[in-house]
Amino acid sequence: MDSRELTLEELEKKKKKEERAKEKELKKLKAAQKAEAAKLQAQQASNASKSGKKKNVKREAEDENPEDYIDPETSVGEKKKLSRQMAKTFNPSAVEKSWYAWWEKSKFFEADPSSSKPPFVIVLPPPNVTGALHIGHALTAAIQDAIIRWRRMSGYNTLWVPGTDHAGIATQVVVEKKIMRERKLTRHDVGRESFVDEVWKWKNEYGGTILKQLRGLGASLDWSRECFTMDEKRSRAVTEAFVRLYKEGVIYRDLRLVNWDCILRTAISDIEVDYVEIKDRTPLRVPGYSNPVEFGVLTSFAYPLEGGLGEIVVATTRVETMLGDTAIAIHPEDPRYVHLHGKFAIHPFNGRRLPIVCDAVLVDMNFGTGCVKITPAHDPNDFEVGKRHNLDFINIFTDDGKINNNGGPEFVGMPRFEARVALTEALKEKALYRGDKNNEMRLGICSRTNDVVEPLIKPQWYVDCKSMAQQALDAVMDDTIRKMEIIPKQHVAEWKRWLENIRDWCVSRQLWWGHRIPAWYAKLEDDELTELGAYNNHWVVASNKEEAQKEASRIFAGKKFELSQDPDVLDTWFSAGLFPFSVLGWPDDTDDLKAFYPTSVLETGHDILFFWVARMVMLGMKLGGDVPFRKVYLHPMIRDAHGRKMSKSLGNVIDPLEVINGITLQGLHKRLEEGNLDPNELKTAKEGQVKDFPNGIPECGADALRFALVSYTAQSDKINLDIQRVVGYRQWCNKLWNAIRFAMSKLGDDYTPPTKIVPDVMPFGCKWILSVLNKAISNTVLSLESYEFSDAATAVYSWWQFQLCDVFIEVIKPYFASNDPDFAAARRHAQDTLWVCLDNGLRLLHPFMPFVTEELWQRLPSRKDSTRKESIVICEYPSPVECWTNDNVELEMDMVESVVKSLRSLRSTLAPKERHERRAAYVRCRLNDACYIIKSHELEITTLATLSSLEVLSESDDAPVGCKVDVVNETLSVFLKLQGNINVEAELQKLKKKMEEIEK
């Protein structure tokens, strides 16, 4: 290996290390340069004559017409009319105006099921119809739109389906509050039919807010296919799915303990319950109670034995449930109690006789010794025990969590946790209280209301998930039949764990807003029990009442009956689980279903992997015949800049619209004041806003927000969102703007883009920028294909910032500085290369920043011999051009940039007033190859390092005197000419330190 190869290899290694520090250093340097340039300009201006100043001002005023810089008004849906001259600075609100309505009217986003292009389909996770855009929606939209726009430009028949979810619980609560606020009525006062009408009115008036906001983000959804989970087609799909699954035995009805929410008055599914670990006695705030409720306490009390035989002591963490006790369990091998088997205890408050039974399983499950009270209608551990011993199932709570008539008379109507306190006092009065102690426990909390979940026995509809779960598991885990990939892979283990331990899914909800369960109860004339649902075999499931009538007539032939529809509705996640195929027309065999199912990718947050993703896969495979999507990409959860969960009480909730449009600190405070925070929370929240946003949030625009969010996706589970980063990308948009302004000034009005680019005949800088553009294109596409969105954004950003703007635009400036005929050919090549770079660069960036790229692309001159696409939206995505790649040129530019970096570093150590003066410099080379490269690129180095002259020295030449020196690498050193004396000792120490680093 010769010495030149060694040098280039080392340079390549060095480059990687330098790139990390490059952005920070250059920004700092440029800020300093800008400030100094402004100072210098001010000094020069002050020296100019007054008459000269007047002439210049007058000439500029005559030349410029302010109207030329303002976009004319554009009618809604028409193509945006652009100002004659580009505005001097980027203005996000002006740039983002008008484009979306034109895109939508032009049908750029609509998919064609008959197209010969390969399909690429995403279904937007349907946001709640109650909702407004939050930062999580913005992240989802930014990622999915980047994917869809890239695929659309890459020749795919793209379909991105928008829709909203009826959000059963959330929407019902919103409208209930509205009716109470406006009319002081509950939903029960209004009645079911009128209440549902009210919800539909509310939905039609306010339900489209979030979809309008998605347009503002630039989301290129196919609005011709917009749907709602309770529209006619989706409702028919839900009914069909329920009926099919019931007929196949997958859906069944059963009497079981459910997780009951006393605020919502409905059952909720297992995965809607969050568990809090209680270590010892802990007071907690519970909705609906003015005083904190104590948990983590084990209370002991005595039951008197029948016949005056003494007492039996039991312990419980939920003493109020003793009102529903139906028996007491003892261990059959416990000599202290085994003689009590078959005896009875007497309930002190309702006189009920409680049999004492042997049940080793239950006693071991609780304490291993002693006695255990059995409350089968209120305790998951006791439910099976109750069935095993044929015990009564006595429900003591009303749906809103108050003691009903089955409890003791003195406690009827009392809320459950008030009854806990009253019952403890009553036990003390009866001398049956035996003390309490701290007890570690898990407390179930409803994720929607923060209410403490109450286990209640209720008849409900269930989905048998075991078989479907195995299929969903195999689709991801089985290498022989793998149909679906989960990205990032770390979530595969969670997928496996949950599906292997799945429980049947309770799908009925005791709400009024939602899909009414298509089941009718046949009340027979000779039924002994007349309550709805009293006999489980009297249910008839059908698509409508007419079909139910026919089916009931067949089942109950010759008998008189009345049909009543189940008042319950289906869990919202049931209809959401059908969404990937119901939006395409299922159960009908539509053109859309044939063309676009299975979809290509699901992109969503990892927090709903089981709520939604697993259920879509199970139902998709069962009813749709295949997995609903080939890939699942799970994005991180967004936190604030300090890593805290966003919370109204902390004042750190970031509204994407406030980032897009900007907001003052006073405006942020006002939003808090309009909420429902208590005074202490409001004070804390305002202090948090003052700390994080002392000057409010500046207007950033949708493009900058989108780019920041996509850039953050490299953070695995959580995104710590710092608004300053968004502001930085808004400033970067200005950089793009100025690059195009520079280009337009250098291309001129009569410029015609080339039909072909031949890099071989071009100047060095042109060859280099085309080669690194090729690399940027390859890296971007590769990253997008592997769902590494942050890497894709970085590849585009780095090319624009560090290669096009920082280097190429600077090195071609000398070609345009004068009409020097020696530069004529180079000037034309630079123009062509600049145009090619901007055209490719804007198309490369478009999926991430749709608005600014459209506006800038529309301003680029177009080729005269070809029909230009109407919009960048439907242009081709860039692909590498083989003849542009030039590794040697890139390696030479690496050497050039290393020299420039060292010279800039030396310049930065000068006194501030000296830093911007052009100075002479020298490069001393220890190898002939390096000398040749540096000599070949004197113009580029002189331009980039702002030098007055550059001299290349060989190793045999004496080192120049009166210079600051820096070692670039083992073959190159640079010298920057100084004025006056230099501190020799300080310079020697710097060199010594640099040499030590190189030796390492």
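Scroll up to find the structure this text is about.
Nothing here was measured: the structure is a model prediction, and the numbers come from that model. (Residues numbered from 1 in each chain as written. Predicted model: local features only at pLDDT ≥ 70, side-chain atom pairs only at ≥ 80, totals over all residues. Heavy atoms only, no water.)

## Digging into the packing of helix α25 (residues 723-747) against helix α27 (residues 789-811)
The line we're drawing: All axes are obtained by fitting lines to C-alpha atoms, using only the stretch in contact for helices, and the reported angles, taken between N-to-C directions, cover 0 to 180 degrees. Where helices and strands are cited, they refer to DSSP runs of H or I of at least four residues and of E of at least two residues respectively, numbered from the N terminus. Geometric relationships in this document are graded by angle, where less than 35 degrees denotes roughly parallel, more than 145 denotes roughly antiparallel, 65 to 115 denotes roughly perpendicular, and other angles denote oblique. Helix crossings get a hand from a simple test, with the near helix turned counterclockwise from the far one by less than a right angle marking a left-handed crossing and a clockwise turn marking a right-handed one. What makes two residues a contact is simply this: any of their non-hydrogen atoms within 4.5 Å. Three residue categories are used. Nonpolar comprises Ala, Val, Leu, Ile, Met, Phe, Trp, Tyr, Cys and Pro, charged comprises Asp, Glu, Lys and Arg, and polar comprises the others, including Gly.
Orientation of α25 relative to α27, taken along the N-to-C sense of each, is 45°, at an axis distance of 11 Å. The pairing of α25 with α27 is recorded here as oblique in orientation. Where α25 crosses over α27, the handedness of that crossing is left-handed. Where α25 approaches α27, its residues Tyr729, Trp732, Lys735, Leu736, Ala739 and Phe742 are matched on the opposing element by Tyr797, Trp800, Gln801, Cys805, Asp806 and Ile809. Looking at the contact of α25 with α27 residue by residue, the class counts come to nine nonpolar, one polar and two charged.

## What about the packing of aromatic side chains?
In this description, a pair of aromatic rings is defined by centroid distance and the angle of the planes. Heads up, the rule is: In summary, the pairing rule links any two rings of Phe, Tyr or Trp, Trp by its six-membered ring, whose centres are within 6.5 Å, and it sorts them by plane angle into stacked for under 30 degrees, edge-to-face for over 60 and tilted for everything else. Whether a residue is buried, partly exposed or exposed follows from its accessible area with a 1.4 Å probe, protein chains only, as a fraction of its type maximum: under 20%, in between, or over 50%, in that order. Geometrically, a charge over a ring is one whose NZ (Lys) or CZ (Arg) sits within 6 Å of the ring centre while staying within 35 degrees of the ring normal.
Considering all chains together, one arrives at 41 aromatic pairs under this definition. Where Tyr633 meets Phe789, the ring centres are 5.0 Å apart and the plane angle is 90°; that geometry is what we call edge-to-face. With Tyr633 in strand β27 (residues 629-635) and Phe789 in helix α27, the pair connects residues that are 156 residues apart, well separated along the chain. Considered together, Tyr633 and Phe789 belong to a single accessibility category, that of buried residues. Chaining the aromatic ring pairs together yields one cluster made of Phe242, Tyr246, Trp461, Trp505, Tyr521, Trp539 and Phe574. Sitting above the plane of the Tyr156 ring, Arg151 keeps its charged end 4.9 Å from the centroid.

## Focus on the pattern of salt bridges
This is how it is decided: Salt-bridge detection follows one rule: a side-chain nitrogen of Lys or Arg within 4 Å of a carboxyl oxygen of Asp or Glu.
For the structure shown, the criterion picks out 60 salt bridges. What you see here is one network of salt bridges that share partners, running through Glu272, Arg448, Arg509 and Asp571.

## Let's talk about unusual backbone geometry
Along the chain, Ile487 connects to Pro488 via a cis peptide bond; the corresponding omega equals -5°. Topologically, Pro488 is positioned in the loop between β19 (485-487) and α15 (492-500). The step from Tyr597 to Pro598 runs through a cis peptide bond, and the omega angle for that step is 0°. Mapped onto the fold, Pro598 is located in the loop between α19 (591-596) and β26 (599-605). Phi is positive for Ala167, which is not a glycine, with a value near 50°. Of note, Ala167 is situated in the loop between β3 (163-164) and α6 (168-183).

## With respect to the nonpolar core
The nonpolar side chains of a soluble globular protein tend to be buried with one another. To be explicit about the condition: The term nonpolar core refers to a set of buried residues drawn from Ala, Val, Leu, Ile, Met, Phe, Trp, Tyr and Cys, joined through side-chain atoms within 4.5 Å.
Trp800 and Phe848 are the most contacted members of the largest nonpolar core, which has 150 residues in total. Here this core takes 14 residues from α27, the largest share from any one element. Residues Ile251, Leu473, Trp539 and Met616 belong to the second largest nonpolar core, which totals 69 residues.

## So, the packing of α15 against helix α20 (residues 609-624)
Put simply, α15 and α20 touch, their axes get as near as 12 Å, and they point 75° apart. The angle between α15 and α20 places the two elements in the roughly perpendicular class. Facing α15, whose interface residues are Glu494, Trp495, Arg497, Trp498 and Leu499, α20 presents Leu609, Phe610, Val613, Ala614 and Val617. A breakdown of the residues in the contact of α15 with α20 according to their chemical character gives eight nonpolar, no polar and two charged.

## Details of the sheet that holds strand β24 (residues 561-565)
Put simply, the test is: Any two strands between which DSSP finds at least two bridges are classified as paired.
One open sheet holds the three strands; their spatial order is β23-β22-β24, and the pairing between them is antiparallel. Each edge of the open sheet carries a strand with a single partner, namely β23 (539-541) and β24. Across the sheet, the mean angle from the axis of one strand to that of its neighbour is 30°, orientation sign disregarded. In the sheet, strand β22 (residues 519-524) pairs with β23 via three bridges, with the strands oriented antiparallel. Its bridge partner being in β23, Trp520 is matched across the sheet by Val540. Along the sheet face, helix α16 (residues 545-555) touches β22, β23 and β24 and points at about 140° away from the line of β24.

## Describing the environment of Arg639
Among the secondary structure elements, Arg639 is positioned in strand β28 (residues 637-640). In the structure, Arg639 is positioned 83 residues away from Asp722 in sequence and 9.1 Å away in space, judged by C-alpha atoms. Apart from residues no more than four positions distant in its own chain, Arg639 is found in contact with Arg644, Lys645, Met646, Lys718, Ile719, Asn720 and Leu721.

## Things to note about the pairing of strand β14 (residues 353-358)
In terms of strand pairing, strand β12 (residues 327-330) meets β14 through three bridges, oriented parallel. For Ala329, the partnering residue across the bridge sits in β14 and is Val357. In this structure, strand β13 (residues 344-346) lies alongside β14, joined through three bridges in antiparallel fashion. Each residue of the ladder has a partner; that of Phe344, found in β14, is Pro355. Here β13 hands over to β14 after six residues, with Gly351 in that stretch at a positive phi of 75°.

## With respect to the side chain of Lys964
This is how the line gets drawn: Here a polar contact means two N or O atoms within 3.5 Å. Within protein one must be a hydrogen donor candidate and the other an acceptor candidate, and residues neighboring in sequence count only if both atoms are side-chain atoms.
Within the secondary structure, Lys964 is located in strand β32 (residues 963-967). A polar side-chain atom of Lys964 sits 3.4 Å from a polar atom in the side chain of Thr909. Setting aside its immediate chain neighbours within four residues, Lys964 contacts Leu906, Thr909, Leu910, Val974, Phe975, Leu976, Leu978, Glu987 and Lys990.

## Here we look at the sheet that holds strand β31 (residues 947-954)
Read across the sheet, four strands follow the order β31-β30-β33-β32 without closing on themselves; strand pairing throughout is mixed. Either end of the sheet is taken by a strand with one partner, and the two such strands are β31 and β32. Between one strand and the next, the sheet's axes are offset by a mean angle of 20°, whatever the strand orientation. In this structure, strand β30 (residues 919-925) lies alongside strand β33 (residues 972-977), joined through five bridges in antiparallel fashion. Bridging from a neighbouring strand, Cys925 pairs with Leu972 of β33. Across the sheet, helix α32 (residues 928-936) touches β30, β31 and β33, and the angle it forms with β31 is around 160°.

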